[in-house]
Amino acid sequence: MKTITTGIDMGSKNVKVVILKDGKVLARGITLSGFDQKEAAKKVFNEVLKKASLSLDDIDQIVATGAGKEVAPYANSDISMVGADAIGGSFLFPSARTIIDVGAEEGRAARCDEKGKMIDFVINEKCAAGAGTFVEAMARALEVTLEEMGPLSLKAERAVPMNAQCTIFAESEVVTLIHEKTSKADISRAIHDAIADRITSMTRRLGIQRDVVLAGGVAKNIGFVNSLEKALEVKLLIPKEPEFVGALGAALAPLR
Amino acid sequence: MPKKVYKTKLLDQWNEAKELRSNYYRNYVKAHEIGGIRWAGGAWSFSAIPSGLGDDVYSLTGEPYGATVTYNKDFAAKCHEAIEAKGYARDLCAYMRNYWGSIILDKYVLGGEWPKPDFIWTTHICCSHAKWYQIASELEGGVPFFCIDVSVGPYHELNERRLNYVVSQMMDGIEWLEKVTGRKYDDEKLIQAVYNECRATSLWAEICTLNKAVPAPLDEKTMYSLYVINTLMKHRKECVDFYKKLRDEVEDRVASQIGAIGNEKFRVMTDTQPPWAFLELWRYLEKYGVVSIGSLYTFGLMGIFEVKEDGTWGPRATPQESGVEIETREQALRILAEWTLSRPEWQHFYSPELKSDMMMRIVKEWKVDGVMLHFNRGCEGLTMGIAENKLALKKAGIPVMHFEGNMGDEREFDLERTKAEIEAFLEILGAK
């Protein structure tokens, strides 16, 4: 008998859904969480079901994760965000021992053993300064799109120090740098370096053990990846669709 | 939720603990109505000493008061606003801010006006205590203030010179008490209070030692309401009587396998004061069959332990149990000083390694599966070195997590995020 499981990652910015059949991805989907996260999750869940040509009754287990997992529709169990990251990251890269996830509102990291079992974790403090929202805020200050930020920072000619402990202070630093005629490329790199430093310092509390996987939506930002690799002094393993790692881990959890 | 496998039962002594506590706060307020004396100071004050002034002497200890304010969220917020408006920083000791706020607002958390003490009697070991009461004295218009410095180093390095330093301040303190109150000091009352204090703090250590049993007869959330009696009146006979009855009851619970929770599967310990406004977290653990058996804080803030012949921790033998009869003022003060300087929660002011060693002892002897550290922004004293404790525990292979918060200022605590962190930790332990 085939086992069909689903993971729903109720992220603060996006809801992600992954359906697995015996550990293989049948379908996935993503949507903005919006004001009514539960409704958004229902909608994307049903779209993914349709894509997989399944009905709700065909699903054996539905596991929720993410900041909004308490309101996840249809779920019959749940798993922590770092726990789901550890399972998803080590499934995609069995050599992974450290999984870093940088999402919209939070940076976190898990250490796992050779079986993919989480053995330690760290989550950043109650502040989004080291996460995706920070990059978005800085992109607005620089008057570039979020998608432009990464490639722009690769064109930087020098490293400019910046404080990323607080989005508000960092934004005023960006304004100062603009007035000093610092190039947008250099500022963009400074922003990514600052977040990378924060994530590195957080992950070092765990002890960085290779291989290191980077998950979460911010892993799509090449400027951040570049800065983080330099700060950690490791080559990061990045999934093709890094924002789905948590949902994938949740869907895999019942199979373990 | 794991199945219930142990019997559970409400504590018989629960109501008495509540009654003692409410009488304590009421008696302090009413002391002047019966011609008595009110004094204020830290819970670590040598409270036996003012007892020599008479039987009508009542205290208000600041830390339990600060914690009580925290339960009243609206009042706590008003205290914080009031003290910040005066220009004091919000990263100071949270208990101290609750206490100062009450003075500024002229409101007692249990109702009525702020009951100004006749004098302040305290000790200084953490980074706040002396300043706490110096400012309190000023805010109250210059209440007489006496502070004993007890920062003489860890107990294992105690020598005559260091002990004399503390005892000589106590001797001076008694003369000062006579001067500010105009009363003649009674050494017999002091001696009885010293016996009581040694007995009460040893009894609490004995009760904590009983929690080594599986299932744990007490959970930490309950223990918070029990250890507190020592923070209020460790020198009083009713305190000793209460702990004797509690000890007997806990012994019965152990013998009858009555657990604090019926589904105990995992045992954790915490560290430092909890975020008092969010004790629901301890009940949240129970959902997963996890009991917090206590902590160095719950055990050693007031409990006095010693290493027994088999190498394990147990209650320290009291002077009377050791055959010592106290006959003079100086002897009483020397015994009280020496006894108090062995307090576990005073040792790590000198080195985080001493604390790590005690924590690892608890992990081993109390059969703890994991440790949850509260990085408590509200108490610099007890949080100092906690990151090093975390590293030491990890190095020893003990599962450990930390969460950030504040014992007395809910603005610095995020319940949902903390739950998410605890949940991940429970997954590591295999409890979820």
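Residues numbered from 1 in each chain as written. Chains lettered and ligands numbered in written order. Predicted model: local features only at pLDDT ≥ 70, side-chain atom pairs only at ≥ 80, totals over all residues.

### Describing the overall build of chain A
- Each helix and strand counted, chain A has eight helices and nine strands in total.
- Taken over the C-alpha atoms alone, chain A extends approximately 65 × 40 × 30 Å along its principal axes.
- Looking at chain A alone, contacts between residues at least 24 apart form 69% of all its contacts between residues at least 6 apart. (Helix = DSSP H or I, 4+ residues; strand = E, 2+ residues; numbered from the N terminus. Contact = placed C-beta atoms within 7 Å.)

### Some thoughts on the sheet that holds strand β7 (residues 107-112) of chain A
Residues and elements named next belong to chain A.
- Spatially, the four strands line up as an open sheet ordered β8-β7-β6-β9, and their pairing is mixed. Each of the sheet's edge strands pairs with one partner strand only, and the pair in question is β8 (118-123) and β9 (212-215). Across this sheet, the average inter-strand angle for adjacent strands is 15°, counted without regard to direction.
- In terms of strand pairing, β7 meets β8 through five bridges, oriented antiparallel. Looking at β8, one finds that alanine 110 is bridged to phenylalanine 121. (Pairing = 2+ DSSP bridges. Axes fitted to C-alpha atoms, helices over the stretch in contact; angles between N-to-C directions.)

### So, the domain arrangement of chain A
Residue and element names in this part refer to chain A.
- For chain A, the domain assignment lists domain 1 (1-93 + 241-256) and domain 2 (94-238).
- A straight line from the C-alpha centre of domain 1 to that of domain 2 covers 25 Å.
- Listed by partner, the interface residues are 18 residues for domain 1 and 25 residues for domain 2.
- Elements with a minimum of two residues in the side of domain 1 that touches domain 2: α2 (81-92) and α8 (245-252). (Domains from an automatic or database assignment.)

### Details of the pairing of strand β3 (residues 24-32) of chain A
Residues and elements named next belong to chain A.
- The sheet contact formed by strand β2 (residues 14-21) and β3 spans eight bridges and is antiparallel. For valine 18, the partnering residue across the bridge sits in β3 and is arginine 28.
- Connecting the antiparallel pair β2 and β3 is a turn made up of two residues, with aspartate 22 showing a positive phi of about 50°.

### Focus: helix α3 (residues 73-85) of chain B
- If you check α3 of chain B, its first and last C-alpha atoms are 18 Å apart, about what 13 residues at 1.5 Å a residue would give, namely 18 Å.
- Summarising the contacts, the buried residues of α3 of chain B are in contact with α2 (62-71) and α4 (94-105) of chain B. (Expected span 1.5 Å × (residues − 1).)

### Digging into the sheet that holds strand β7 (residues 266-271) of chain B
Residues and elements named next belong to chain B.
- The four strands are arranged β8-β7-β11-β12 in an open sheet whose pairing can be described as parallel. Looking at strand neighbours, the two that pair on one side only are β8 (290-295) and β12 (400-405), the edges of this open sheet. Within the sheet, the average angular offset between the axes of one strand and its neighbour, ignoring direction, is 30°.
- Judged from the six bridges that link them, strand β11 (residues 370-376) and β12 form a sheet pairing that is parallel. Residue pairing for β12: leucine 373 is matched across the bridge by histidine 402.

### Things to note about the interface of chain B and chain A
- Residue-level contacts link nine residues of chain B with 10 residues of chain A.
- Tallying contributions element by element places helix α17 (residues 415-429) of chain B first for the side of chain B that touches chain A, with seven residues.
- The class makeup of the residues in the side of chain B that touches chain A is three nonpolar, no polar and six charged. (Nonpolar A, V, L, I, M, F, W, Y, C, P; charged D, E, K, R; others polar.)

### Quick notes on the nonpolar core
- Within the largest apolar cluster, 205 residues are counted, with the highest numbers of intra-cluster contacts made by Ile8 of chain A together with Val194 and Val371 of chain B.
- At 12 residues, the largest contribution of residues to this core is made by helix α7 (residues 187-210) of chain B.
- Counting contributing residues, this core receives three or more from each of domain 1 (1-93 + 241-256) and domain 2 (94-238) of chain A. (Core = buried A, V, L, I, M, F, W, Y, C linked by C-beta atoms within 7 Å. Buried ≥ 20, exposed ≤ 12 C-beta atoms within 10 Å, placed from the backbone.)

### Overview of helix α3 (residues 132-142) of chain A
Residues and elements named next belong to chain A.
- Turning to α3, its buried residues are Gly132, Phe134, Val135, Met138 and Leu142. All buried residues of α3 project into a common sector of 150° when viewed along the axis, lining one side.
- Just past α3, the residue glutamate 143 takes up positive phi, approximately 60°. (Arc of directions from axis to C-beta.)

### Description of the environment of arginine 189 of chain A
Residues and elements named next belong to chain A.
- Following the sequence through the fold, arginine 189 ends up in helix α6 (residues 184-204).
- C-alpha of arginine 189 to C-alpha of alanine 159: the two residues are 30 residues apart in sequence and 7.1 Å apart in space.
- Each residue touching arginine 189, except ones within four places of it in the same chain, is listed here: Ser153, Ala156, Ala159 and Gly223.

### As for the pairing of β8 of chain B
All names here are of chain B.
- By the criterion of burial, β8 is predominantly enclosed, with six of the six residues buried.
- In this sheet, β8 lies alongside β7 in parallel orientation, the contact comprising four bridges. Residue pairing for β8: phenylalanine 266 is matched across the bridge by valine 290.
- In this region the chain leaves β7, passes through helix α10 (residues 280-286) and returns to the parallel neighbour β8; the handedness of that crossover is right-handed. (Right-handed = clockwise from strand over helix to strand, strands pointing away.)

### Let's talk about the confidence of the model for chain B
- On average, residues of chain B carry a pLDDT of 96, and 100% of them reach 70 or more.
- Overall fold confidence for the complex sits at a pTM of 0.91, while the interface term, ipTM, reaches 0.83. (pLDDT = per-residue confidence, 0-100.)

### Comments concerning the packing of helix α6 (residues 160-181) of chain B against helix α12 (residues 329-341) of chain B
Residue and element names in this part refer to chain B.
- The N-to-C vectors of α6 and α12 enclose an angle of 125°; their axes lie 9 Å apart at closest approach. Viewed along their axes, α6 and α12 adopt a mutual orientation that is oblique. Crossing geometry of α6 relative to α12 is assigned as right-handed. Counting all contacts with α6, which are made through Leu163, Val166, Val167, Met170 and Met171, the residues of α12 involved are Glu330, Leu333, Arg334, Ala337 and Glu338.
- Its residues assigned to classes, the contact of α6 with α12 comprises seven nonpolar, no polar and three charged. (Parallel < 35°, antiparallel > 145°, perpendicular 65-115°, else oblique. Left-handed = near helix turned anticlockwise from the far one by under 90°.)

### Focus on unusual backbone geometry
- Residues arginine 210 of chain A and aspartate 211 of chain A are joined by a peptide bond in cis, for which omega reads -5°.
- Along the chain, aspartate 211 of chain A falls in the loop between α6 and β9.
- In the segment running from valine 214 of chain B into proline 215 of chain B, the intervening peptide bond is cis, with an omega of 0°.
- Assignment of secondary structure puts proline 215 of chain B in the loop between α7 and α8 (220-233).

### Structural notes on the packing of α3 of chain B against α4 of chain B
Residues and elements named next belong to chain B.
- Contact geometry for α3 and α4: axes closest at 8 Å, N-to-C directions at 80°. Classified by the angle their axes make, α3 and α4 are roughly perpendicular. Where α3 abuts α4, its residues Ala76, Lys78, Cys79, His80, Ala82 and Ile83 lie against Arg97, Asn98, Trp100, Gly101, Ser102, Ile104 and Leu105.
- Residues of the contact of α3 with α4, tallied by class, amount to seven nonpolar, four polar and two charged.

### What about the environment of glycine 107 of chain A?
- Along the chain, glycine 107 of chain A turns up in strand β7.
- With 111 residues separating them in the primary sequence, glycine 107 of chain A and valine 218 of chain A have C-alpha atoms 9.7 Å apart.

### Details of the environment of alanine 277 of chain B
- Assignment of secondary structure puts alanine 277 of chain B in the loop between β7 and α10.
- In the structure, alanine 277 of chain B is positioned 151 residues away from cysteine 126 of chain B in sequence and 23 Å away in space, judged by C-alpha atoms.

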